[in-house]
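Listed here are the chains, written in short residue letters.
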Amino acid sequence: MSSRQEANLFGYSQAAVEGALAAGATYADARVVIVKDERIEVLNQNVESLGQTEAAGVGVRALIGSSWGFFATAELTETAARQAGEAAAVVAKAAATVPGPDVPLSDVPVVTDHYETPFDEDPFAVALSDKVDLLVGVTETIQSVPGIALASATLQFFDTEKWFVSSQGHRISQHLVESGGGFDATAIGESETQRRSFPQSFGQYETGGFERIRRWDYPGNAGRIAEEAAALLTADECPEGERDLILEGSQLGLQIHESVGHAIELDRILGWEAAFAGTSWLEIDKIGQLQYGSELMNVTADATLPGALGTFGYDDEGTPAQSVDIVKDGLWVGVLSGRDSAALAGLPPGGMVRGDGFNRLPMVRMTNVGLLPGDSSLEEIIADTKDGIYASTNRSWSIDDKRLNFQFGTEIAWEVKDGKRGRMLKNPTYTGIGPQFWGSLDRMAGPEEWVHWGTPNCGKGQPIQVGHTGHSAGPSRFSNVRIGVRG
Amino acid sequence: MTDPQALADKVIAMVGDRAEAEAMVVAGNRSLTRFANSYIHQNVGEDVPQIELKVVVDGRVSSAATSQVGDDALNRMVDTALESARLRPVDADWPGLAPQAEAADVEHWDAATAAADPAERASRVADFVAAGPGLRGAGYCETIGLTSAFANSAGQRLTGRETRAIIDGIHQTETSAGSAHQTGVGIGDLDGAAAGTQAAARARDSADAYDIKPGEYEVVLSPECTATIAVFLSAYGFNAKAAVEEQSFVEIGGQQFDPAINMWDDVTDPRALGVAFDSDGVPKRRVELITGGVSKSLAHDRRTAAKLGTESTGHAVPGSESFGAFPLNVFVGEGDQSIDEMIASVDRGLFVTAFNYCRILDPKSQVVTGLTRNGTFMIENGAITGALTNLRFTQSFVEGLGGGRVLAVGNDGRFADSEFGPGFIHAPSLHLASWNFTGGNDG
């Protein structure tokens, strides 16, 4: 992009901010965003869908009193941007019919800067035929395993450019690159389906280029995954009872997402998401006092982790990416916040506010909320377990609106008896209550098995927004968990 | 606003004779006023068109989309789609473009809603909040006015417009919440005070809730719960792609449900929302999904119809080549009992006002886990005797509606929000013999 085009794009954001201020906003910011994405889906060696999308426009926030006004237009001209700014202020003013306390904003450094996701191999420059060949080949391998009915494989890439301007003087551009994908095998029985996925359910997404795809070695894992799916049809049902539960890393990543990540969102704690996503069992005056889990539990929200999906340079309020302690030695010490929520709660702003494209109001979003590794290994954990199961790869997930009562299903499990991995088990489920479950964490694998798992499909907000979040985790054990809930 | 039909035609002309092509344009405005802690905290709007293009070069299919209407962006979209199509293998399942056909003459449109301003939405919110003095209100009021236009190189051209108006919210005490929901074509139909009054009453009534032991309980389910069930039946069962892949529970012609259960999809119903054609450019047809408890037919897009040797029912949605057709105008047939009559007939059971965070464990068995939310009540000797803390259930939805298990169907059908979005499931309350609750407040 030429410097002239760059100046124009900053100019549209600037015009939007000026329009909002002229219409009465006390603060305004705007983002021109251009997002390209490419998605390829293959089912049983046939390319089922191949699509590319480009969304571009400017979204502007205007603060008046107790309400944010937001308006977005896809028309990238100075006039349209200015009008969008005015419209944002107009809708903010309308909120005065049902007013609340004025929204304060925490101070953040006012910077001019540029950030780029480091990557080796531009995923959009990799030949489309190579990508298709990779997916077709994987599904061919899966289909070669007897008993497999469906073999699907997906790749998806995002290239996002943003030009952010605030009425306080921020001027920040970013270029973010994300790559993801995976595959799954489905075996279908008389009255059941069994599925295995790799690297995890819905694929593994990371920041970076096509090198992020290559390192997972799809072809080398396709046969094993297919065989496991086929074997599940004749595997024993996961028995009911209270037993030790060893979670594989990606399943633990989703467990962190649902029962820690959402619970610590300050907008939920403050009640801003009460009607839809829900609230939180956490109360802000308990921060620094409440025991969230066992002393082994250390959680950070770290937007600076190289390669993790929730990594960026600045959030969509212009706050620098940072690492924030969330749980330290089991004690709850931090939240996910933005400039408004942090100011209301009397906490430092965490730089965790992002919007889904140019046409959504930025909101509190997980960055990379991860469980720091321990000093063991999966092999050692299994060897140290007398009676339990080792459960891998998410199949279902459900949690209440306060983020306390959860039930997860995984694709597969293995019985663990007297320190040995035994028979395969199908339809494993487990259920629990957040702090009790986290309080039972007693073994964790070390840094060698620690992975920055990525969740590309986190829904929140009205209108709904899809967020991309990261969750670092390795295999870990929880004691005496209720397993094998039946329908 | 750019004329969507002219824009769709222009995109097809840009492709010219280089490929078969179809284009869909959706344009208009979406505005939403959100409130929490009894005040408006977010007020948003957008005027963003969506232009989607599919091209087919010698059986090789590719799609592209943009939010930009300028010639540069449209040409880029066309070139991207053509270039990608040439590089991919032939799509063995491509069913061809939709032929010319007229759509039903329906227009679920209200001019006042399309033009609604933020003050009108705020006024409904004010009424909702005022109906719950001393409580904390949260929710949203939304107005949408959209025009959709389709064109393809086989000469099919269709256009339609739609409006939607929604108010959805909760009131909260320190320990409980109650909800209410209204969806319709026109903002004039929204009664913020009535919605707020219902939510406030349920919130107050569900305070001081107590735990009960999980297990099988007779239940009266609100329209919201019925809508959730209908979504799972539709997405994982009556979706023809699930049937093609043998992942569906549906056995056409089989008595899979109680005879009291009827379910169909019909955009021509005066109560329906949306436009009369799908994203393939096929006119929507009425589809009988369940009649007298018998599974009757599936919802198709052109791909599944071609595979099964039938005709599309007009239920393609963007992305349905991957996840299948989806009915967007579902009606669950009403019965003749009021909610009070259903509750009065229960000796010991539960009244559930909403399900939450429901996820499927296996599409073929339709076992779903989820929780209750915003008011769960104990019924004893025909009357509500107290409020319960939320419960988790793990239940096959097909078995839950099975023969002999539907004791009554309500006469209170309305658009209900299933947690998966408003405006596409019109459902009544249900009285069911048994529901499998597998966990309580403490796990």
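Anything mentioned here points back to the structure above.
Remember, it's a predicted structure, so these values are computed and weren't measured experimentally. (Residues numbered from 1 in each chain as written. Chains lettered and ligands numbered in written order. Predicted model: local features only at pLDDT ≥ 70, side-chain atom pairs only at ≥ 80, totals over all residues. Heavy atoms only, no water.)

Caption draft 1: Region of the structure containing unusual backbone geometry. Cis rather than trans, the peptide bond between F198(A) and P199(A) has omega equal to -5°. With an omega of -5°, the peptide bond running from Q462(A) to P463(A) counts as cis.

Caption draft 2: Just the interface of chain A and chain B, in detail. Contacts between the two partners involve 81 residues from chain A and, on the opposite side, 78 residues from chain B. Across the chain A to chain B interface the summed buried area is about 6100 Å²; carbon plus sulfur atoms make up 50%. Per-residue buried area on chain A facing chain B is highest for E54(A), V98(A) and Q462(A); these three make up 11% of the total on that side. At the junction of chain A and chain B, the tally comes to 5 salt bridges. In this structure, the salt-bridge partner of E54(A) is R76(B), at a minimum N-O distance of 2.5 Å. Inspection of the region where chain A meets chain B yields 43 residue pairs in polar contact (both at pLDDT 80 or more). In terms of residue count, the dominant contributor to the side of chain A that touches chain B is strand 2 (residues 46-64) of chain A (12 residues). Across the side of chain A that touches chain B, the residue classes break down as 36 nonpolar, 31 polar and 14 charged. In terms of strand pairing, strand 3 (residues 67-73) of chain A meets strand 2 (residues 39-47) of chain B through 6 bridges, oriented parallel. Across the sheet, the residue bridging to F70(A) is V44(B), located in strand 2 of chain B. (Contact = heavy atoms within 4.5 Å. Buried area = accessible area lost by both parts, 1.4 Å probe. Salt bridge = Lys/Arg side-chain N within 4 Å of Asp/Glu carboxyl O. Polar contact = N/O pair within 3.5 Å; in protein donor to acceptor, adjacent residues only side chain to side chain. Helix = DSSP H or I, 4+ residues; strand = E, 2+ residues; numbered from the N terminus. Nonpolar A, V, L, I, M, F, W, Y, C, P; charged D, E, K, R; others polar. Pairing = 2+ DSSP bridges.)

Caption draft 3: Here's a closer look at helix 3 (residues 128-143) of chain A. Residues and elements named next belong to chain A. Taking 1.5 Å of rise per residue, 16 residues should cover 22 Å, and helix 3 covers 23 Å from first to last C-alpha, within 8% of that figure. Within helix 3, the full set of buried residues consists of L128, K131, V132, L135, V136, V138, T139 and I142. Each buried residue of helix 3 sits inside an arc of 155° when the element is viewed along its axis, so together they form one side. (Expected span 1.5 Å × (residues − 1). Buried < 20%, exposed > 50% of the residue type's maximum accessible area, 1.4 Å probe, protein only. Arc of directions from axis to C-beta.)

Caption draft 4: Fine view of the packing of helix 4 (residues 118-130) of chain B against helix 5 (residues 192-205) of chain B. Residues and elements named next belong to chain B. Their axes nearest at 7 Å, the elements helix 4 and helix 5 cross at an angle of 30°. By the angle between their axes, helix 4 is roughly parallel relative to helix 5. Taken as a pair, helix 4 and helix 5 cross one another with a handedness that is right-handed. Every residue of helix 5 that contacts helix 4 at R124, D127 and F128 is listed here: G192, A193, A195, G196 and A199. A breakdown of the residues in the contact of helix 4 with helix 5 according to their chemical character gives 4 nonpolar, 2 polar and 2 charged. (Axes fitted to C-alpha atoms, helices over the stretch in contact; angles between N-to-C directions. Parallel < 35°, antiparallel > 145°, perpendicular 65-115°, else oblique. Left-handed = near helix turned anticlockwise from the far one by under 90°.)

Caption draft 5: Inspection of the nonpolar core at higher detail. Ranked by internal contacts, the top residues of the largest apolar core, which has 81 residues, are Y292(A) and W438(A). Two domains each donate at least three residues to this core, and these are domain 1 (3-232) and domain 2 (236-483) of chain A. In terms of nonpolar packing, the next biggest core, distinct from the first, is built from 49 residues, L221(B), M378(B), L401(B) and A427(B) among them. (Core = buried A, V, L, I, M, F, W, Y, C linked by side-chain atoms within 4.5 Å. Domains from an automatic or database assignment.)

Caption draft 6: Just the packing of aromatic side chains, in detail. Residues and elements named next belong to chain B. The final tally for this structure, using the stated rule, is 34 aromatic pairs over all chains. For the ring pair F232 and F397, a centre distance of 5.5 Å and an interplane angle of 85° mean the geometry is edge-to-face. Placement of the pair is F232 in helix 6 (residues 223-236) and F397 in helix 11 (residues 397-400), with a sequence separation of 165 residues. As far as the burial class goes, F232 and F397 line up, both buried. (Phe/Tyr/Trp six-rings, centres within 6.5 Å; stacked < 30°, edge-to-face > 60°.)

Caption draft 7: Representation of the pattern of salt bridges in the model. All names here are of chain A. Enumeration over the complete set of coordinates arrives at 52 salt bridges over all chains. In this structure, E121 and R214 form a salt bridge, with 2.7 Å as the shortest nitrogen-oxygen distance. Of this pair, E121 sits in the loop between strand 4 (112-116) and helix 3 while R214 sits in helix 4 (residues 211-214), and the two are 93 residues apart along the sequence. Accessibility expressed as a relative area gives 25% for E121, which makes it partly exposed. Among the salt bridges present, the one from D442 reaches R477, with a minimum N-O distance of 2.9 Å. In this pair, D442 sits in strand 21 (residues 441-444) while R477 sits in strand 24 (residues 476-483), placing the two residues 35 residues apart along the sequence. A relative accessible area of 28% means that D442 is categorised as partly exposed. Taken together, the shared-partner salt bridges connect D236, R243, D387, E415, K417 and R423 into one network.

Function cannot be inferred from these measures alone, as they are strictly geometric.
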